[in-house]
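In case you want the letters, here they are:
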Amino acid sequence: MHPPPPAAGAAMDFGQNSLFGYMEDLQELTIIERPVRRSLKTPEEIERLTVDEDLSDIDRAVYLLSAGQDIQGASVIANLPFLMRQNPTETLRRVLPKVREVLQVASVEMQLTAAVSFLTILQEESMPVHTFAHNFLQVILLHVEHRDTGVSNTWLETLLSAIELLPKETLRHEILNPLVSKAQLSQTVQSRLVSCKILGKLTNKFDAHSIKREILPLVKSLCQDVEYEVRSCMCRQLENIAQGIGTELTKSVVLPELIELSRDESVSVRLAAFETLVNMLDMFDTDDRSQTILPLVKSFCEKSFKADESILISLSFHLGKLCHGLYGIFTPDQHLRFLEFYRKLCTLGLQQENGHNENQIPPQIVEHEKKYTSVRKNCAYNFPAMIVFVDPKNFHMELYSTFFCLCHDPEVPVRYTIAICFYEVSKLLNSGVYLIHKELITLLQDESLEVLDALINHLPEILELMSTGGESSVQENKLSSLPDLIPALTAAEQRAAASLKWRTHEKLLQKYACLPHIISSDQIYYRFLQRMFTIMMTNNVLPVQRAAARTLCIFLRYNRKQEQRHEVIQKLIEQLGQGKSYWNRLRFLDTCEFIIEIFSRSFFCKYFFLPVIELTHDPVANVRMKLCYLLPKVKSALKIPADMHLLQQLELCVRKLLCQEKDKDVLAIVKKTVLELDRMEMSMDVQLQKKNYEKDLLDQEKEREELLFMEMEQLEKEKHQNDGRLPSDKSFEKKRRDSRTSMQNLPKNIPISVPGPSSSTPSTSKEIKKSKLIRSQSFNNQAFHAKYGNLDKCASKTSTLAHSPSVTGLVRTTMLSLTDDSFRTRNTSTAPASFSSNPVLPSTSRGTGNTADPKGSGSKDAQPRKATLKSRKSNP
């Protein structure tokens with residue numbers, strides 16, 4: 001829709017009132033700029049900030065710490081690790097004392113900078129550990145109890161990191177002994193909190209006897225502290241302490257403290273005790289779990305609904321780990337109780353279907369129910385663990401209804417989390433994966449793109465499990481029991497395309513490359529392949545276009561109908577390679593790059609070699625530039641000596657670019673490409689023989705599979721014509737098995753691979769072999785349909801060039817006259833004795849108009865290009 005035309009009174013008015021309005025706006029801008037001008041430094045201030053350039057780094061650092069401003073002092077402290085590496089002796093003697101003085105009155109930013117610099121010096125090991133302890137440790141301990149919480153925590157992190165590297169004796173004398181007084185009730189709460197964290201770290205540095213004698217008395221004292229913050233902090237360190245003292249002392253000392261803390265009056269202390277118990281389940285034996293921990297956890301769960309919401313959030317997050325740790329000691333009744341508790345948490349906060357809607361509920365209750373979203377999100381996170389808890393065989397009876405509720409939860413974070421876990425759920429269900437088909441469709445159709453983005457991370461694996469699992473193990477069904485899959489996939493792609501989240505769209509298109517192994521070739525052709533073309537032609541996001549191009553190439557590779565394959569190839573050449581928009585021609589080159597990677601060399605040379613080479617005449621410099629980058633890959637697709645005629649074509653096109661190219665950027669790339677092409681010949685003849693051998697084997701496998709697809713199509717046609725003949729049925733079944741085997745045996749660098757048998761069963765009937773050979777030969781010799789005339793030309797040109805005399809003399813003469821020695825190509829030993837002197841070069845109706853970029857060709861709506869292949873005759 002076009003905006004309505006402006007009214008007559010709304011036209012632009014350059015009268016006096018309008019001009020006065022503009023002047024007022026300019027005056028406001030002037031007022032805004034005035035404070036900026038006042039903030040500029042005066043010459044006197046600049047003079048005070050100027051430092052003599054002749055000073056050494058140490059002298060400059062001392063001067064700035066003594067007489068400089070705060071920002072200059074912070075710069076010196078940030079540069080302290082460099083000074084320690086450059087001159088450690090002078091830095092410790094002159095700079096560090098100044099740093100200590102400055103830190104006494106330093107700002108928060110400077111304190112944070114100093115803490116980071118000290119830790120960097122320790123980690124870089126620019127000095128012995130005892131030297132660091134002597135010079136830096138006291139400074140760190142002095143500022144650990146800084147009044148600012150952020151500064152204190154930063155210095156504490158530096159201290160805890162230093163504890164891991166410092167020797168035991170230093171820790172005992174410098175940290176542990178002063179800690180006895182720091183942990184007393186007479187000290188501040190912050191001092192006791194710091195003592196708790198330090199004690200938890202020190203247990204990894206001392207033996208069990210020393211911990212029992214020197215550390216455990218302090219731990220018990222802090223667990224009984226009058227402040228709940230201290231008790232909670234010490235409780236969270238009990239896990240580290242238990243790892244240091246061993247199982248026996250843990251059972252006799254730590255476990256009683258945890259039991260007492262779990263009954264604390266403070267919610268935060270009880271929560272810390274519960275989380276610590278869950279993390280320490282592996283350290284207790286079966287008796288302790290069943291007699292002590294299980295009753296405690298049971299009581300904790302029963303009281304959780306009456307307690308603070310933070311208890312429920314923590315409980316829902318650790319419930320999966322808790323059920324896994326206590327698995328095997330539950331009675332049937334206890335097992336059922338925990339399962340019911342989990343089910344209740346999964347629906348916590350959801351309004352029951354009792355005839356009320358959200359508008360009739362008081363706002364206070366609605367707000368209260370929204371706080372339970374985190375609980376249901378944690379339940380979705382633990383759903384795979386709960387499947388193991390109930391056994392996947394009992395999923396339908398015990399957990400399916402819960403899974404249904406989580407997939408249809410009204411809150412996006414819950415559905416997002418269950419979408420992330422969907423692949424794990426599918427793997428656990430194994431043969432019962434058919435039970436969650438509908439939930440897969442639901443999540444694919446979710447209105448939130450975040451949910452879709454989470455689901456498609458493992459979409460190929462999920463679809464593979466769906467196609468091979470379930471009640472039926474026959475893979476040929478191709479998800480026939482799930483008719484809504486294709487509409488859901490297409491709707492998801494359209495929803496992603498209509499949004500601004502192009503990365504989700506790109507990822508979805510990349511995952512669609514798995515579809516040839518999931519659904520039939522006709523379904524892909526009619527529902528997805530045409531959509532890939534549309535995206536390549538109309539989408540404005542380059543990564544999305546490239547993803548669509550790659551997926552289209554994979555669809556084309558596994559397409560089993562010759563007519564459909566030829567139609568796709570024709571569209572690629574006519575609408576992209578010969579399209580009126582230079583942007584489409586650039587995408588054609590991207591597509592050809594994917595074709596070289598995915599298809600065999602013979603396939604590319606047969607259909608796409610000449611259309612690619614023809615773009616050397618393109619009027620747009622960007623197209624010719626991109627073609628130059630592609631030429632090395634084009635050359636790597638040639639087989640020597642079979643494709644020597646195509647190599648001659650390639651060399652002539654490169655020489656023509658060297659001769660006629662006027663754009664300096666393209667010409668520079670052409671010269672680099674010539675050197676790279678020249679080096680490729682040397683590497684092919686001398687080096688990387690094993691690598692080339694492996695590539696040749698891979699290419700032969702690709703070519704064999706492409707021929708197998710064509711033979712399968714011919715056999716399918718014959719089967720329809722001879723529906724009652726047994727030999728044709730056997731041949732068809734064998735070819736179908738061979739096709740599946742070849743698709744499954746592709747190496748890892750093929751985009752799609754499906755595990756399967758390593759080889760196909762050979763046919764034992766000589767008549768079948770003979771009939772297949774005759775059909776294969778007749779199939780390969782068939783002429784293309786009339787609407788594929790251009791493809792006939794491309795294929796016939798590449799085949800007839802092999803019978804032409806040599807142009808070696810002409811090429812050598814042209815090269816010597818146009819380029820210097822650095823751009824000459826080396827003659828290979830495989831070159832034939834004579835080649836044609838009248839080579840066939842593809843040309844276009846634009847002629848050789850690559851000397852400049854016309855305006856019409858530079859836009860996306862330039863004049864259409866129509867390729868014609870002409871042969872130029874030259875006198876021998």
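Residues numbered from 1 in each chain as written. Predicted model: local features only at pLDDT ≥ 70, side-chain atom pairs only at ≥ 80, totals over all residues. Heavy atoms only, no water.

Here the focus is the overall build of the protein chain. For the protein chain, the helix and strand inventory stands at 46 helices and two strands. The 876 residues of the protein chain split such that 47% are buried. Taking the intrachain contacts of the protein chain between residues at least 6 apart in sequence as the baseline, contacts between residues at least 24 apart amount to 74%. A total accessible area of about 44900 Å² is found for the protein chain, and carbon and sulfur atoms account for 53% of it. (Helix = DSSP H or I, 4+ residues; strand = E, 2+ residues; numbered from the N terminus. Buried < 20%, exposed > 50% of the residue type's maximum accessible area, 1.4 Å probe, protein only. Contact = heavy atoms within 4.5 Å. Areas by Shrake-Rupley, 256 points an atom, 1.4 Å probe, with all protein chains shown as cover.)

Let us look at unusual backbone geometry. Of note in this structure, E125 is not a glycine but carries a positive phi near 55 degrees. With respect to the helices and strands, E125 occurs in the loop between α7 (108–124) and α8 (129–143). The class for E125 is exposed, based on a relative accessible area of 63%. Even without glycine at this site, N430 takes up a positive phi of about 55 degrees.

Turning to the packing of aromatic side chains, a few remarks are in order. This model, assessed by the stated rule, comprises 20 aromatic pairs. A ring pair is formed by F317 and Y381, whose centres lie 5.5 Å apart and whose planes are at 5 degrees; its orientation type is stacked. Residue F317 is found in helix α18 (residues 309–325), and its partner Y381 is found in helix α21 (residues 373–381); the two are separated by 64 residues along the sequence. Ring geometry for Y582 and W583: centres 6.5 Å apart, planes at 85 degrees, overall edge-to-face. Each of the two residues, Y582 as well as W583, counts as buried. (Phe/Tyr/Trp six-rings, centres within 6.5 Å; stacked < 30°, edge-to-face > 60°.)

Inspection of every chain in the model, using the stated rule, returns 30 salt bridges. Close ionic contact of E124 with R85 constitutes a salt bridge, the shortest N to O distance being 2.8 Å. Of this pair, E124 sits in helix α7 while R85 sits in helix α5 (residues 80–86), and the two are 39 residues apart along the sequence. Among the salt bridges present, the one from K633 reaches E593, with a minimum N-O distance of 2.5 Å. On the criterion of sequence distance, the pair formed by K633 in helix α38 (residues 621–636) and E593 in helix α35 (residues 582–598) is long-range, its members being 40 residues apart. Residue class for E593 comes out partly exposed when judged on its relative accessible area of 23%. (Salt bridge = Lys/Arg side-chain N within 4 Å of Asp/Glu carboxyl O.)

Time to look at the side chain of R587. Mapping R587 onto the fold places it in helix α35. Classification of R587 by relative accessible area gives buried; the value is 5%. In terms of polar contacts, R587 uses its side chain to reach the side chain of D590, at 2.8 Å. (Polar contact = N/O pair within 3.5 Å; in protein donor to acceptor, adjacent residues only side chain to side chain.)

Geometrically, a packed helix pair is captured by the angle between its two axes and the distance between the axes. In the contact formed by helix α9 (residues 149–165) and helix α11 (residues 189–202), the axes pass within 10 Å of each other and the chain directions differ by 25 degrees. Judged on the interaxial angle alone, α11 and α9 are roughly parallel. Classified by chirality, the crossing of α11 by α9 is right-handed. Listed contacts from α11 to S152, L156, L159, L160, I163 and E164 of α9 are Q190, V194, K197, I198, K201 and L202. (Axes fitted to C-alpha atoms, helices over the stretch in contact; angles between N-to-C directions. Parallel < 35°, antiparallel > 145°, perpendicular 65-115°, else oblique. Left-handed = near helix turned anticlockwise from the far one by under 90°.)

The N-to-C vectors of helix α19 (residues 332–346) and α21 enclose an angle of 130 degrees; their axes lie 8 Å apart at closest approach. With respect to their mutual orientation, α19 and α21 come out oblique. Judged by residue contacts, Y342, L345 and C346 of α19 engage V375, R376 and C379 from α21. For the contact of α19 with α21, the residue count by class is five nonpolar, no polar and one charged. (Nonpolar A, V, L, I, M, F, W, Y, C, P; charged D, E, K, R; others polar.)

Considering every residue of the protein chain, the mean pLDDT works out to 77; 70% of them sit at 70 or more. Across residues 31–38 the pLDDT falls below 50, and counting only partners more than four positions away or on other chains, this stretch makes zero contacts in the model. This stretch, residues 861–876, has a pLDDT under 50; its non-local contacts, to residues over four places away or in other chains, come to 41 contacts. (pLDDT = per-residue confidence, 0-100.)

Here the focus is the environment of V254. Structurally, the position occupied by V254 is in helix α15 (residues 247–261). Relative accessible area serves as the criterion here: at 2%, V254 is assigned to the buried category. Sequence separation of V254 and K220 is 34 residues, and the distance between their C-alpha atoms is 8.9 Å. Beyond its immediate chain neighbours, meaning those up to four positions away, V254 contacts L238, I245, L249 and M280.

On to the environment of A621. On the secondary structure map, A621 appears in helix α38. Here the alpha-carbon distance between A621 and L667, two residues 46 residues apart in the chain, equals 9.9 Å.

Here we take up helix α33 (residues 542–557). If you check α33, its first and last C-alpha atoms are 23 Å apart, about what 16 residues at 1.5 Å a residue would give, namely 22 Å. Within α33, burial applies to V544, Q545, A547, A548, A549, T551, L552, C553, I554, F555, L556 and R557. (Expected span 1.5 Å × (residues − 1).)

Here a disulfide denotes a covalent bond joining the sulfur atom of one cysteine to the sulfur atom of another. According to the stated counting rule, one finds zero disulfides in the structure shown. Unpaired in terms of disulfides, C346 finds its nearest cysteine sulfur in C379, a separation of 4.0 Å. (Disulfide = S-S within 2.5 Å.)

Here we take up the nonpolar core. Most often, soluble globular proteins have nonpolar side chains that are buried together. One finds Y512, F604 and F608 to be the most contacted residues of the largest nonpolar core, which totals 226 residues. Top contributing element to this core by residue count: α35, with 10 residues. What Y512 contacts, discounting residues up to four positions off in sequence, is L459, L489, T490, A492, E493, F528, M532, T551 and F555. (Core = buried A, V, L, I, M, F, W, Y, C linked by side-chain atoms within 4.5 Å.)

Structurally, S401 can be placed in helix α24 (residues 400–407). Residues S401 and R343, 58 residues apart in the sequence, show an inter-C-alpha distance of 9.2 Å.

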